[in-house]
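Overview (structure and organization)
Each chain, letter by letter, is given below.
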Amino acid sequence: MPANLTPQYIEAEEAYKRATTPEDRLAALENMLRCIPKHKGTEKMQADIKKRIARAREEGRAAAKKGRPDPYRVEREGAAQVFVVGPPNSGKSSLVGALTNARVVVAEYPFATTSPVPGMMRFENILIQLVDMPPMTRDMFPPAMAAAIRASDGLLVTVDVSSDDCADVLEECLTLLDEGRAIREGQFMSVVATKLDLPGAADNADILADVFPGRQLLRVSAAARAGLDLVPGHVFGNLGIIRVCSKPPGKPADWNAPFVLKKGDTVGDLARAIHKDLYANMKTARVWGSAKFDGQSVPREYVLSDGDIVEFRT
């Protein structure tokens, strides 16, 4: 079976070939694994990438033991990893602190966040990791930080809209991300207009929306707890993932711990995610949710949707 590699995978592979540091190589390999089409024709390639990822991680651990740890790399947890970035005093830490259990440092002075601080944000029945990153400036945006951001699933860029120069500040931040090659294809990026409770902030947010019409704009105030309830759903909707539940025959579905797959994944992808033997031995599956009728028998090529329940037959 041909591999039928996508443009996103080819770009990720080119990034791997260009990588000059262990961190960049690992980030590119992880991106290759995310982008590679999941079917029988790529199984050997997937296995090879996974082996290279394991070796790269081992090299990273060995380097850390020698006193060369990557200060910006954060171990993934949850359904996805989203980095929160922005200039000094843009409300990053307040946003992450309001949405997660992270022990962030919120201060009036700049550069209070000196290293990444991860926390878990709940969206319905899954957790998404938010990472509060150190502030970005022209003088403080090292390649390792850009590489860590590039390896994430998405970005929230914070900008303080109580400041009248917020459009210029956002433009500089976006320029830094572009020049640092911190953004990859398929990675979502939204702008979060913060401190909306302060005087003039609402009008400045309207200006920001006009100046950057192609950017998704969230308007929040961590202090006033305004707009925060929209953030988890917005992030989930942009990640390109779905939640699917597998249930044993004759038993109810348990939605407390759903499987998280990519949009476009199939019944076969779910079976493979559960166990390779299930993928090898399954004959058909029954689907509740997106099927024409509840319990419809479908083949392994059936494309799943968010909220589907699957019952396998072997």
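Residues numbered from 1 in each chain as written. Predicted model: local features only at pLDDT ≥ 70, side-chain atom pairs only at ≥ 80, totals over all residues. Heavy atoms only, no water.

**Structural notes on the overall build of the protein chain**
The helix and strand inventory of the protein chain stands at 10 helices and 11 strands. A compact globule built from 314 residues would reach a C-alpha radius of gyration of about 20 Å, and the protein chain, at 21 Å, matches this within 12%. For the protein chain, the spread of C-alpha atoms along the principal axes amounts to about 60 × 45 × 35 Å. Counting across all 314 residues of the protein chain, residues that qualify as buried make up 46%. At a minimum sequence separation of 6, the contacts of the protein chain that also span at least 24 residues come to 64%. Of the roughly 15700 Å² that the protein chain leaves accessible, carbon and sulfur atoms contribute 52%. Of note, the protein chain has its 41 positive side-chain charges centred 11 Å away from the centre of its 41 negative side-chain charges. (Helix = DSSP H or I, 4+ residues; strand = E, 2+ residues; numbered from the N terminus. Rg over C-alpha atoms; globule rule 2.2 N^0.38 Å. Buried < 20%, exposed > 50% of the residue type's maximum accessible area, 1.4 Å probe, protein only. Contact = heavy atoms within 4.5 Å. Areas by Shrake-Rupley, 256 points an atom, 1.4 Å probe, with all protein chains shown as cover. Lys, Arg positive; Asp, Glu negative; His and termini not counted. Charge placed at Lys NZ, Arg CZ, Asp CG, Glu CD.)

**Some words on a negative patch on the surface**
Side chains of Asp-164, Asp-165, Asp-168 and Glu-171 sit close together on the surface and give a patch of like negative charge. Relative to the elements of secondary structure, Asp-164 occurs in the loop between β4 (154–160) and α6 (166–179). (Patch = residues over 30% accessible without salt bridge, like charges linked within 9 Å, V, L, I, M, F, W, Y side chains within 5 Å. Salt bridge = Lys/Arg side-chain N within 4 Å of Asp/Glu carboxyl O.)

**With respect to helix α5 (residues 143–150)**
Counting buried residues along α5, six of its eight residues qualify, which places the element largely inside the surrounding structure. When α5 is considered as a whole, its buried residues turn out to be Met-145, Ala-146, Ala-147, Ala-148, Ile-149 and Arg-150. Of the surrounding secondary structure, the elements contacted by the buried residues of α5 are α2 (22–35), β1 (81–85), β4 and α6.

**Considering the pattern of salt bridges**
The final tally for this structure, using the stated rule, is 17 salt bridges. When the shortest N-O distance is used, the salt bridge between Arg-272 and Glu-43 registers 3.6 Å. Here the residue Arg-272 occupies a position in helix α9 (residues 267–274), and Glu-43 occupies one in helix α3 (residues 43–65), the gap between them amounting to 229 residues. On the accessibility criterion, Glu-43 (28% relative accessible area) is partly exposed. One salt bridge in this structure joins Arg-243 and Glu-124, with 2.7 Å as the shortest N-O distance. Highlighted residues: Arg-243 in strand β7 (residues 241–246) and Glu-124 in the loop between β2 (117–123) and β3 (126–132), separated in sequence by 119 residues. In this structure Glu-124 comes out as exposed when scored by relative accessible area, which is 55%.

**Let's talk about the sheet that holds strand β9 (residues 284–288)**
The sheet built from five strands is open, its strands ordered β8-β7-β11-β9-β10 with mixed pairing. Looking at strand neighbours, the two that pair on one side only are β8 (259–262) and β10 (296–298), the edges of this open sheet. The mean inter-strand angle of the sheet, taken between neighbouring strand axes irrespective of direction, is 40°. The pairing of β7 with strand β11 (residues 309–313) spans two bridges and is classified as parallel. In the sheet register, Cys-245 faces β11, and the bridge partner there is Ile-309. (Pairing = 2+ DSSP bridges. Axes fitted to C-alpha atoms, helices over the stretch in contact; angles between N-to-C directions.)

**Thoughts on the packing of aromatic side chains**
Applying the stated criterion across every chain, the model contains one aromatic pair. A centroid spacing of 4.7 Å and a plane angle of 20° characterise the contact between Phe-123 and Phe-236, whose relative ring orientation is stacked. Of this pair, Phe-123 sits in strand β2 while Phe-236 sits in helix α8 (residues 231–239), placing them 113 residues apart in sequence. Each member of the pair Phe-123 and Phe-236 is classed as buried. The ring of Tyr-16 carries Arg-52 above its face, with NZ or CZ at 5.1 Å from the centroid. Arg-243 extends its terminal NZ or CZ atom over the ring of Phe-236, reaching a point 4.6 Å from the ring centre. (Phe/Tyr/Trp six-rings, centres within 6.5 Å; stacked < 30°, edge-to-face > 60°. Lys NZ or Arg CZ within 6 Å of the ring centre and 35° of its normal.)

**Quick look at empty space enclosed by the protein**
Following the criterion strictly, the structure yields one cavity of 30 Å³ or more and no others. Counted as a void, the largest cavity has a volume near 40 Å³. Forming the walls of the largest cavity are Leu-170, Val-191, Leu-208, Ala-209, Phe-212, Arg-215, Gln-216 and Leu-217. Taken together, the residues of the lining of the largest cavity break down into six nonpolar, one polar and one charged. (1 Å grid on protein atoms, 1.4 Å probe; cavity = no way out; pocket = protein on both sides within 12 Å on 5 of 7 lines; lining within 4 Å. Points joined across faces, edges and corners; volume = space filled by probe spheres on them. Nonpolar A, V, L, I, M, F, W, Y, C, P; charged D, E, K, R; others polar.)

**Remarks on the pairing of β1**
For β1, a buried count of five out of five residues is recorded, marking the element as mostly surrounded by other parts of the structure. Residues Gln-81, Phe-83 and Val-85 point to one face of β1 and Val-82 and Val-84 to the other, with burial holding for every one of them. Relative to β3, β1 runs parallel, the two being bridged by four bridges. Counterpart to Val-84 in the pairing with β3 is Asp-132. Examined bridge by bridge, β1 and β4 share four bridges and lie parallel to one another. The residue bridging Val-85 from the neighbouring strand is Val-157, located in β4.

No statement about biological role is implied by the geometric values presented.
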